[in-house]
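Structural overview for review
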Amino acid sequence: MAMQIQGVYAALATASIASAEKFYTQLFDREPDDRPMDGLIQWRNVAGANIQIFHDKENAGSGRLTIVVPKMDQARRSLEEIGAELTAETEGDYGKIAHLIDPDGNRITLAEPPSRLFKT
């Protein structure tokens, strides 16, 4: 019998819960859903994903997160409104990507799917 899975969380390490909470609250446009224990905050159902930010100074800045957006130019404008800087876009067969860095140095990749279906 296979293990039952109730949920999956992506997790990023931070040196400062307070600065990470401020950044991700602005990025996700809402406060964390849960504070299940000291040094851990989490958002549930961010476009179907669950995100945890946990205090781990030694590993802060080594995480990666990809967020799929419908339109890169709209995402860029939204990020500018909160003071976040997005890199120049790279375009390929699978769409466009650009990056931003959180206060700890974790890399967040924004990905815009291609406007047409990719042929395999």
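All of the points below concern the structure found in this document. Note that the structure is predicted; figures quoted are calculated from it, not measured. (Residues numbered from 1 in each chain as written. Predicted model: local features only at pLDDT ≥ 70, side-chain atom pairs only at ≥ 80, totals over all residues. Heavy atoms only, no water.)

With respect to the side chain of Asn106
- Here Asn106 shows up in the loop between strand E7 (95-101) and strand E8 (107-112).
- Under the relative-accessibility criterion, Asn106 is labelled buried at 0%.
- Engagement of the side chain of Asn106 in a polar contact is seen with the backbone nitrogen of Gly61, the distance being 3.3 Å.
- A polar side-chain atom of Asn106 sits 2.8 Å from the main-chain amide nitrogen of Gly63. (Helix = DSSP H or I, 4+ residues; strand = E, 2+ residues; numbered from the N terminus. Buried < 20%, exposed > 50% of the residue type's maximum accessible area, 1.4 Å probe, protein only. Polar contact = N/O pair within 3.5 Å; in protein donor to acceptor, adjacent residues only side chain to side chain.)

Looking at the side chain of Gln42
- Its place among the elements puts Gln42 in strand E3 (residues 40-46).
- Relative accessible area serves as the criterion here: at 8%, Gln42 is assigned to the buried category.
- Of the polar contacts made by the side chain of Gln42, one reaches the side chain of Gln52; its length is 2.8 Å.
- Apart from residues no more than four positions distant in its own chain, Gln42 is found in contact with Tyr9, Pro32, Asp33, Asp34, Pro36, Ile51 and Gln52. (Contact = heavy atoms within 4.5 Å.)

Let's talk about the pairing of E3
- Taken together, the 2 bridges between strand E2 (residues 34-37) and E3 define a ladder with antiparallel strand orientation. Residue Met37 lies in a different strand from E3, and its bridge partner there is Leu40.
- Between E2 and E3, which pair antiparallel in sequence order, lie 2 residues; one of them, Gly39, sits at a positive phi of approximately 80°.
- Of the strand pairs in this sheet, E3 and strand E4 (residues 49-55) are connected by 5 bridges, and their pairing is antiparallel. (Pairing = 2+ DSSP bridges.)

A few points about helix H1 (residues 17-28)
- Across its 12 residues, H1 extends 16 Å between first and last C-alpha, which sits within 8% of the 16 Å expected from 1.5 Å per residue.
- Listing the buried residues of H1 in full gives Ile17, Ala20, Glu21, Phe23, Tyr24, Thr25, Leu27 and Phe28.
- Where H1 terminates, the next one or two residues include Asp29, which has phi positive at roughly 60°. (Expected span 1.5 Å × (residues − 1).)

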